[in-house]
Amino acid sequence: MNKRILTIIAAIVAVILLVVLALPCYLGVKTQQSMDEQRDLLAKSSFLIIDKQSYQRGWFTSTETMQIRFKPSFFAGIQQQLPDNVRTVLQQPITVVNHVRHGLFAGSIRPVRAHVETELRFTPQAQQILARFFGQEAPVKLENTINLSGSGQMHVVIPKFNYEELSGIKINWQGLDSTIDYAEDFNSYDSHTVSPGLDMILSTKGRASYQDLQFTSHTEHGKTSLALGNSDLSIKDITFIWNDTADNNIRLDQLVNLVTNLQIGAFISPAGNNMPTKINIQNLKLSTSTKEQDQWINSQGKFGFERMQYGNDVYGPLDIDAAAEHLDAASLVAINNKITQLSTQNLNNDQLRAAIVSAVRNEGLGLFTHDPLIKLNTFNLQMPQGLIDIHGNLGFKNLLASDMQQLSTMLNKTESEMDFAIPQAIMENFAISQARALFTVDASAGGAEALEDIDQTIRLMIDSAIKSMQAKGYIQVSNGIVKTHLKLINGKVYLNGKMWNIEPEPETEPDYAELPAASAVAASTSH
């Protein structure tokens, strides 16, 4: 009996020894496979180059060493505008050392395949620059827990710092914390990123800050290389302050176009002036959703903010909800690849815009020839002059590539219905901003008064046009709000249910040259 018990105990001990000794080796092999897959993904990125790589696998621990660097094309268009210190860090190679512990309880009491801690080693020149901000603390902390199934979780931390120079530059960075849960073979992943805030004082030039940035996303791979899924970005507060705007050529319309990727900026900056001394945006939100259905892509995006102070004016809330349906996936892939290629070239804004338009006409031709549908579900913007409310849709039916060479043929296969409600004051200000770009007024020759004359003339022209269209039944006007329903079908345009007469109707055109000058109008209305 005792002999039998000893045999059982010996067998159990042998099994335990086998598990303890052999399992880490097996998990080490599986871990190396996972690390190889991650490295392959890294090598396929459009901005990194892996110069060297080695993997030393042990029984319980392993070490992977890589030397990476950013491609010369990385940020090609803006590298010259980056601070010298930042550009130096980006140009230096980085040594990545992955310290791997493989075993059932390598990371915690929960069984895992391995736990990886990543160490970044910078060149002495880059390290000296980074030490100014982070001191002796590592600028990036990265941990990777690989589950038994091959899925896992990455945790990335950029620690906070408080940097100050004698020149008056101060940077208070509250850090960043990001968690990425990835599936086996990296077919999908979920991320959550939090950054409490950033406050930069740029000496005597101004200040920039944001508070409470949060980003969540779900990404998965479909039949193509396009990333599917959804994302949500929110920022509680964004503030820009300029102490001197004399040399500031950035305008609010350009900023909004950059952030939203929609050409709506002219409505927000109607006079086309330079930015004021202060801009504050509260509760900014951006969300996207992209789905795949057979060979088609359906996408939706939402953008808005609760309040925006632009100088002395207050805008908001802004609510934009747009969608694109039945988009040809192959054409989207081609455009995406082309834009990625363009981003590596040192192009100015005009060249980049022309190149993107060319890409849409060539690589993206299939986006127009497969009956796409664009929906503007909501566009609501509260402005000082009133509320802009636009919604509707636009699509193409049976459009051929040859049809796009002739506008009339293309319009015959375009279908659209839109509802507009726009304050007349906004239309006037928009027309004034366009007109001012065409005139150069000598300040020594009464420039301010001449500009006011131009502005008043434009207002009278817009008012005359609106009254004429209202009389013909094309639009409705109520309490200063211009409303209409636009319909485009079979090449014909209908406004407010009435077909637009392209041929000009015989009528006496007003002689704007004989209209009273603004100074005279102002004098007559003031008495």
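Residues numbered from 1 in each chain as written. Predicted model: local features only at pLDDT ≥ 70, side-chain atom pairs only at ≥ 80, totals over all residues. Heavy atoms only, no water.

1. Some remarks on the overall build of the chain
Along the chain, the regular secondary structure elements total eleven helices and 24 strands. In the chain, which comprises 527 residues, the share counted as buried stands at 33%. (Helix = DSSP H or I, 4+ residues; strand = E, 2+ residues; numbered from the N terminus. Buried < 20%, exposed > 50% of the residue type's maximum accessible area, 1.4 Å probe, protein only.)

2. Section: the packing of helix α2 (residues 84-91) against helix α3 (residues 124-134)
Interhelical geometry of α2 versus α3 gives an angle of 135° and a closest axis separation of 9 Å. Considering the angle they form, α2 stands oblique to α3. For α2 against α3, the interelement crossing comes out left-handed. Between α2, through Asn 85, Thr 88 and Val 89, and α3, the contact on the second element is made entirely by Gln 125, Ala 126, Ile 129, Leu 130 and Arg 132. For the contact of α2 with α3, the class distribution of residues is four nonpolar, three polar and one charged. (Axes fitted to C-alpha atoms, helices over the stretch in contact; angles between N-to-C directions. Parallel < 35°, antiparallel > 145°, perpendicular 65-115°, else oblique. Left-handed = near helix turned anticlockwise from the far one by under 90°. Contact = heavy atoms within 4.5 Å. Nonpolar A, V, L, I, M, F, W, Y, C, P; charged D, E, K, R; others polar.)

3. Notes on the environment of Pro 159
Looking at where Pro 159 falls in the secondary structure, it is placed in the loop between β6 (152-158) and β7 (161-164). Look at Pro 159 and you get buried, because its relative accessible area is 8%. With 17 residues separating them in the primary sequence, Pro 159 and Leu 176 have C-alpha atoms 6.6 Å apart. The contact partners of Pro 159, leaving out residues within four places of it in the chain, are Phe 134, Glu 137, Ala 138, Pro 139, Trp 173 and Gly 175.

4. Structural notes on the nonpolar core
Among the nonpolar cores identified, the biggest contains 39 residues, and Tyr 210, Ile 281 and Ile 388 are the most heavily contacted of them. The leading source of residues in this core is α3, at four residues. Beyond its immediate chain neighbours, meaning those up to four positions away, Ile 281 contacts Lys 236, Asp 237, Ile 238, Phe 305, Arg 307 and Met 308. If you look at the next biggest cluster of nonpolar residues, it comprises 13 residues, including Leu 228, Ala 324, Ile 335 and Met 410. (Core = buried A, V, L, I, M, F, W, Y, C linked by side-chain atoms within 4.5 Å.)

5. Quick notes on the side chain of Ser 217
Its place among the elements puts Ser 217 in strand β11 (residues 206-221). According to the relative accessible area criterion, Ser 217 is buried, its value standing at 11%. A polar side-chain atom of Ser 217 sits 2.6 Å from a polar atom in the side chain of Ser 191. Beyond its immediate sequence surroundings of up to four residues, Ser 217 is in contact with Tyr 189, Asp 190, Ser 191, Asn 230 and Ser 231. (Polar contact = N/O pair within 3.5 Å; in protein donor to acceptor, adjacent residues only side chain to side chain.)

6. A few points about the pairing of strand β4 (residues 114-122)
Each regular strand shows side chains that alternate between the opposite faces of the sheet. Of the strand pairs in this sheet, strand β3 (residues 94-102) and β4 are connected by nine bridges, and their pairing is antiparallel. Paired with His 102 across the strands is Ala 114, a residue of β4. (Pairing = 2+ DSSP bridges.)

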